[in-house]
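Here is what each chain is made of, one letter per residue.
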Amino acid sequence: MTAPDASASGVSAREVPALACPVPLPPGDAVLLGHGSGGKLTADLIRTVFVPAFGGAELARLGDAAVVELDGVRLAFTTDGFVVTPRFFPGSDIGALSVNGTVNDLAMMGATPLFLSAGLILEEGLPMQDLGRVVASMAEACRAAGVRLVTGDTKVVERGGADGLYVTTAGIGLVPRGVEVGPERARPGDAVLVSGPIGSHGVAVMSRRAGIEFDGTLRSDSAPLSGVARAMLGAGDLRAMRDATRGGVASVLNEIAEASGVGITTDESAFPILDPVRAACEMLGLDPMYVANEGVCVAVVASGDAEAVLAAARSDPMGASAAIVGSVEEGRGVRVRTGLGGTRPLVMLAGDQLPRIC
Amino acid sequence: MKFVDEYRDAHIAKGVLADIGRTVTRPWTIMEVCGGQTHTLIRQGIDQLLPPEVEMVHGPGCPVCVTPLSIIDRAVSIAKRPDAILCSFGDMLRVPGSSEDLFMARAAGGDVRVVYSPLDALEVAKANPDRTVVFFAVGFETTAPANAMAVRQARLQDVENFTLLVAHVLVPPAMLAILSAPGNRVQAFLAPGHVCTVMGWTEYEPITETFRVPIVVTGFEPLDLLEGIHMTVRQLEEGRAEVENQYVRSVVREGNAAAMRVVAEVFEPCDRAWRGLGPIPNSGLRLTEAYRAHDAEVRFPEVVEEVPESELCIAGMVLQGRAKPHDCPAFGTECTPEHPLGAPMVSTEGACAAYFLAGRRREAVTS
């Protein structure tokens, strides 16, 4: 962003610091961790700072990836930063995550992911062996997802300037003719699906961070969703897809409901969830609906096609435990029916979920 | 999932609800003491499934909610010191002090770390011998044994830089304060199952005798709560006032002797101010003389200015069961989980946050 040219008026930018930054700022003096949680604080930051600064219909759409048209060809384009601690966790690592995350953002727009770039920020002193392990994992993930990493960049910062290793990837995919998915396309009567068991990634990372073991069965679900997305797209009228990363399925359902101006009601007991993940959530006082996933998407499907799309999802290994979890209705907001027959709203969280004291 | 699903069975729940409906003949006000119980009641909508005669009011048993402003301010001020590392359970980080919370202290450069056990904080102390590690010891009798054990281990292993900022509180004195307050509405208690797992229930027996209130030691799953409510209503209807135990799979009358021993070795009762309730005699714990060297308030005797609570916040009335969260004019407007005015809006165990997240609104606002 360029500062406005103040020298023409004979006033130096130093004297009018307020004019040097036309970006409106959200309340608070400093960026808080919650601004990166994927919840309400993140949404506020995007709406108040980024969208007004850059404008543009593609950005304002706030999809997983932007879809841009060039000479009649529709390209999906996205970027994502990865700062996860620890770097290696049960089931995956920051390398595979950085590839799958970007592949999934493209796949959620109905695109076939094709090319990736990677920017690595390395902290002085990072064990070379760790770097080798991360890069090998990225290469394997590219092969598995059928994408090619074609350009990259490396920077090294002084010890203490980063937490070992950060990875940013960007990706380009091709949106096939006739494919039209977006969070604003959900309509009353549509069915809501999830592609797999929820909460596994967030709980795997958190349990490793907390040093809590659950029979060694907690594994991140980090995986490419391009296969299951393609299968579902071919089986019926798929209105919207979103991978339920930070903020979990609850945040994604809220984003779709808001973008489409509809309500969504789900059944708590219909969501697939692995027993060790449920146990870990019970122990840590977390709601799995808000726990991050890296290989699970929410899909909204025209009601008549729901069974066909569900069957197609289940035909892909990534969608083997896919399930219909709710439906789209007139109205606003997301509700969940509890096991005892009550309902409660599933709101966006302000920041990260915090493990409880007791 | 074993040990969970059997306590959430909708069919059995309907049966117990019907039993409660058949037992009750007139209005009763029952307080569930513990925030974990409030969380389950509101999240599952149990209070709305109960017969209209049974009113549940929500007690002060959310440790995050009752920790006084001055201790949060002290934690924030310690966290900002370059020679200190403040370790805490996660949900204390968003609790508002008079001007800042611990997240803000961290954003301002303070070394604030989330741990899952006080023993993790002890490891942090061993790894950073040149700095004082302060573990924010918050909670009721439930968390006291583990915190006591961490201090004991620090002593045994000569980890001199490990300290506790103690904000421990005790349940029975708070129940006495609520029952003795003018305008009290509480006619019976669901006692906190996890506190009683540690302490047993002998302390509650004199309360039932003095105040003629039934007390039922109750668990945290939906069926635990429904059964606990049923046992309480039965006592009220039959005119009995006894301690009964619903949480038989976890609690025995004498409690956990080993846990109580380590608590008694490391901590002693002291007067403590409760956020929203004010000072209550002998309602807190502090380190005994023998362990005073591990007291963060001794190590960092900074003067923290006493700042009054927000005038809008009615947390005190809520924590005594004299008002519901949505009776507060600030509820959901000036006070939300993003910008909490009072602590019950911070933790999901706090009554205000539980109401907010469950979509409970004032009637006038709902429409």
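Caption draft 1: Fine view of the overall build of chain A. A count of helices and strands for chain A gives 10 helices and 14 strands. Taking all 358 residues of chain A together, the buried fraction comes to 46%.

Caption draft 2: Layout of the overall build of chain B. Scanning chain B from terminus to terminus reveals 17 helices and 11 strands. Based on the C-alpha atoms only, the size of chain B along its principal axes is roughly 65 × 50 × 45 Å. Taking all 367 residues of chain B together, the buried fraction comes to 55%. For chain B, restricting intrachain contacts to residue pairs at least 6 apart in sequence, the fraction spanning at least 24 positions comes to 77%.

Caption draft 3: A look at the pairing of strand E6 (residues 148-157) of chain A. Residues and elements named next belong to chain A. Buried residues are scarce in E6, accounting for 0 of its 10 residues. Both strand E5 (residues 112-123) and E6 contribute to a ladder of 9 bridges, which runs parallel. Among the inter-strand pairings, Gly119 is bridged to a residue of E6, identified as Asp153. As for the winding sense of the linkage, the β-α-β connection from E5 through helix H5 (residues 128-145) to E6 is right-handed.

Caption draft 4: Expanded view of the interface of chain A and chain B. Taken together, the contact pairs 25 residues of chain A with 35 residues of chain B. Among the elements that take part in the side of chain A that touches chain B, helix H9 (residues 275-284) of chain A stands out by supplying 4 residues, more than any other.

Caption draft 5: Inspection of the sheet that holds strand E7 (residues 165-174) of chain A at higher detail. Residue and element names in this part refer to chain A. Strand order in the open sheet formed by 5 strands is E1-E2-E7-E5-E6, and the pairing between neighbours is mixed. Every other strand in the sheet has two partners, leaving strand E1 (66-70) and E6 as the edge strands with one partner each. Along the sheet, successive strands turn relative to each other by an average axial angle of 20°, direction set aside. Sitting on the sheet, H5 is in contact with E5, E6 and E7, with an inclination near 175° to E5.

Caption draft 6: Inspection of the packing of helix H8 (residues 144-156) of chain B against helix H13 (residues 257-266) of chain B at higher detail. Residue and element names in this part refer to chain B. Taken N-terminus to C-terminus, the directions of H8 and H13 make an angle of 60°; their axes are 8 Å apart at the nearest point. Taken together, H8 and H13 sit at an angle that is classed as oblique. Of the two elements, H8 crosses H13, and the hand of that crossing is left-handed. Along the contact surface, H8 presents Ala144, Pro145, Ala148, Met149, Val151 and Arg152, while H13 presents Ala259, Val262, Val263, Glu265 and Val266.

Caption draft 7: Local environment of the pairing of strand E8 (residues 215-218) of chain B. Residue and element names in this part refer to chain B. Of the two faces of E8, the one carrying Ile215 and Val217 and the one carrying Val216 and Thr218 are both buried. Inspection of the sheet shows strand E7 (residues 188-192) paired to E8 by 4 bridges, in the parallel sense. Across the sheet, residue Ala191 finds its bridge partner in E8, namely Val217. Where E8 lies against strand E9 (residues 243-245), 3 bridges are found, and the strand directions are parallel. When the sheet's bridge partners are listed, Val217 is paired in E9 with Asn245.

Caption draft 8: Expanded view of the sheet that holds strand E6 (residues 162-168) of chain B. Residues and elements named next belong to chain B. Here we have 4 strands laid out as an open sheet, ordered E4-E3-E5-E6, and parallel in their pairing. In the strand order of this sheet, the two ends are held by strand E4 (112-114) and E6, each with one partner. Pairs of neighbouring strands in the sheet enclose a mean axial angle of 25°, with direction left out of account. Relative to E4, strand E3 (residues 84-88) is paired through 3 bridges, and the arrangement is parallel. Its bridge partner being in E4, Cys87 is matched across the sheet by Arg113. Docked against the sheet, helix H5 (residues 69-79) engages E3, E4, strand E5 (132-139) and E6, running at close to 135° with respect to E3.

Caption draft 9: Local environment of helix H10 (residues 306-315) of chain A. All names here are of chain A. Every buried residue of H10 is accounted for by Ala306, Val309, Leu310, Ala312 and Ala313. The buried side chains of H10 occupy one side of the element, clustering within an arc of 160° when seen end-on. Contacts made by the buried residues of H10 are with strand E8 (191-194), helix H7 (226-233), strand E9 (238-243), strand E11 (297-301) and strand E12 (323-329).

Caption draft 10: Looking closely at the environment of Gly248 of chain A. All names here are of chain A. Within the secondary structure, Gly248 is located in helix H8 (residues 248-260). The spatial distance from the C-alpha of Gly248 to the C-alpha of Ser92 is 18 Å, given a sequence separation of 156 residues. Leaving out residues up to four positions away in the same chain, Gly248 has contacts with Ile198, Met289, Tyr290, Val291, Ala292 and Asn293.

Caption draft 11: Spatial organisation of the confidence of the model for chain B. All names here are of chain B. Averaged over every residue, the pLDDT of chain B is 92; the share at 70 or more is 98%. Predicted confidence for residues 363-367 stays below pLDDT 50, and this span has 2 contacts to residues more than four positions away or in other chains. Across the interfaces of the predicted complex, the ipTM metric reaches 0.73, alongside a pTM of 0.80.

Caption draft 12: Fine view of unusual backbone geometry. The omega torsion of the bond from Thr85 of chain A to Pro86 of chain A falls at -5°, within 30 degrees of zero and hence cis. The topology assignment puts Pro86 of chain A in the loop between strand E2 (73-82) and strand E3 (88-89). Phi is positive for Arg212 of chain B, close to 55°, though the residue is something other than glycine. One can find Arg212 of chain B in the loop between helix H11 (205-211) and E8. In this structure Arg212 of chain B comes out as partly exposed when scored by C-beta crowding, with 13 C-beta atoms within 10 Å. The phi dihedral of Asn282 of chain B falls on the positive side, at around 50°, and the residue is not glycine. When you line up the elements, Asn282 of chain B lands in strand E11 (residues 278-287).

Caption draft 13: Fine view of the packing of helix H7 (residues 118-127) of chain B against H8 of chain B. Residues and elements named next belong to chain B. Interaxial distance between H7 and H8 falls to 8 Å at its minimum, and their mutual angle equals 25°. Taken together, H7 and H8 sit at an angle that is classed as roughly parallel. In terms of crossing hand, the pair formed by H7 and H8 is right-handed. Taking contact as the criterion, the partners of Pro118, Leu119, Ala121, Leu122 and Ala125 in H7 are, on H8, Ala146, Asn147, Ala150, Gln153 and Ala154. Of the residues that constitute the contact of H7 with H8, the class distribution is 8 nonpolar, 2 polar and no charged.

Caption draft 14: Quick peek at the environment of Glu255 of chain A. All names here are of chain A. Mapped onto the fold, Glu255 is located in helix H8. For the pair Glu255 and Thr265, spaced 10 residues apart in sequence, the C-alpha to C-alpha distance is 14 Å. Setting aside chain neighbours within four positions, we find Glu255 in contact with Pro183 and Arg242.

Caption draft 15: H5 of chain B, seen in detail. Residues and elements named next belong to chain B. Among the 11 residues of H5, 8 are classified as buried, and the element is accordingly described as predominantly covered. Residues of H5 that are buried include every one of Leu69, Ile71, Ile72, Arg74, Ala75, Val76, Ile78 and Ala79, and no others. Considering only its buried residues, H5 is in contact with E3, helix H6 (102-107), E4, E5, E6 and helix H14 (296-299).

Caption draft 16: Spotlight on the environment of Arg209 of chain A. Residues and elements named next belong to chain A. With respect to the helices and strands, the residue Arg209 is situated in helix H6 (residues 200-210). Along the sequence, Arg209 and Thr85 sit 124 residues apart, while their C-alpha atoms lie 7.6 Å from each other. When near neighbours in sequence (up to four residues on either side) are disregarded, Arg209 contacts Thr85 and Pro86.

How each quantity is defined
- All residue numbers refer to positions counted from 1 along the written sequence of the respective chain.
- Each chain is given a letter, starting from A, and each ligand a number, starting from 1, according to the order in which they appear as written.
- Totals for whole chains, interfaces and linings use every residue, but because this is a predicted model, local features are given only for residues with pLDDT of at least 70 and side-chain atom pairs only at 80 or more, for both listing and counting.
- Numbering of helices and strands runs from the N terminus, with a helix taken as a DSSP run of H or I at least four residues long and a strand as a DSSP run of E at least two residues long.
- Note on burial: count the other C-beta atoms lying within 10 Å of the residue's C-beta; 20 or more is buried, 12 or fewer is exposed, in between is partly exposed, and C-beta positions come from the backbone.
- Any pair of residues counts as being in contact when their C-beta atoms, constructed from backbone geometry, are within 7 Å of one another.
- By the convention used here, strands pair only if DSSP detects at least 2 bridges between them.
- A clockwise course of the path from the first strand over the helix to the second, judged with the strands pointing away from the viewer, identifies a crossover as right-handed.
- Structural elements are reduced to axes, namely lines fitted to C-alpha atoms, with helices fitted over the stretch in contact, and the angle between N-to-C directions of any two is expressed from 0 to 180 degrees.
- Orientation categories follow fixed angle ranges, with anything under 35 degrees roughly parallel, anything over 145 roughly antiparallel, 65 to 115 roughly perpendicular, and all other angles oblique.
- Less than a right angle of anticlockwise turn of the near helix away from the far helix marks a crossing as left-handed, whereas a clockwise turn marks it as right-handed.
- The arc in question is the one spanned by the directions pointing from the helix axis to the C-beta atoms.
- Note: pLDDT gives the predictor's confidence per residue, expressed from 0 to 100.
- Ten residue types, Ala, Val, Leu, Ile, Met, Phe, Trp, Tyr, Cys and Pro, are classed as nonpolar, four, Asp, Glu, Lys and Arg, as charged, and the remainder, Gly among them, as polar.

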